[in-house]
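Report on the structure
Each chain is listed here by its residues.
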Amino acid sequence: MIKSHHFSAILPASKTVFSWEAADFIQVLKNASQTAGLTVVGELAFAFQPQGVSAVVLLAESHIALHFWPEEAKVTIDIHICDYQKDNLEKAKILTEILTKQISQFDVDWQYLFIIG
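Residues numbered from 1 in each chain as written. Predicted model: local features only at pLDDT ≥ 70, side-chain atom pairs only at ≥ 80, totals over all residues. Heavy atoms only, no water.

- For the protein chain, the name recorded in an unreviewed UniProt entry is S-adenosylmethionine decarboxylase, with Cylindrospermum stagnale PCC 7417 as its organism.
- The protein chain has a UniProt comment under Cofactor (unreviewed entry) that states "pyruvate". (UniProt positions renumbered as here; feature names shortened; annotations may be inferred.)

Below you can see the structure in the form of structure tokens.
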């Protein structure tokens, strides 16, 4: 039986985010994942022209997808963390807290969905 945690949010982007390159988004996702105790196994980012970035970090526990919409001053983030062999809910929660602090200056309510399959 697989259990997984899905978190998603639309974060108001802080002013510093507007100066980030695609590699900066990847580094933020990787650092946050490692700080939360998750295992990074891959990464990919794409910078859109004239603006915007999409970035994905693949985790041993699943993945994080991020999309920066500068014209809206928003960053959307989707986190999927599986509980294979151990409960990873606390790690997922820590990840949401770190990313909120890194990307936004506001407290944000993340949407949460728990799935058992």
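From this point, the narrative continues.
**Some points on the nonpolar core**
- Formed by 33 residues in total, the largest nonpolar core has its most connected members in Ile77, Ile79, Leu99 and Ile103.
- Discounting residues that sit within four places of it in the chain, leucine 99 has contacts with Leu11, Val28, Leu29, Ala32, Ile77, Ile79 and Ser104. (Core = buried A, V, L, I, M, F, W, Y, C linked by side-chain atoms within 4.5 Å. Buried < 20%, exposed > 50% of the residue type's maximum accessible area, 1.4 Å probe, protein only. Contact = heavy atoms within 4.5 Å.)

**Section: the pattern of salt bridges**
- For the coordinates displayed, the defined rule picks out 2 salt bridges.
- Here lysine 30 and glutamate 43 are joined by a salt bridge, their closest N and O atoms 2.9 Å apart. On the criterion of sequence distance, the pair formed by lysine 30 in helix H1 (residues 22-35) and glutamate 43 in strand S2 (residues 40-47) is long-range, its members being 13 residues apart.
- Given a relative accessible area of 45%, glutamate 43 falls into the partly exposed group. (Salt bridge = Lys/Arg side-chain N within 4 Å of Asp/Glu carboxyl O. Helix = DSSP H or I, 4+ residues; strand = E, 2+ residues; numbered from the N terminus.)

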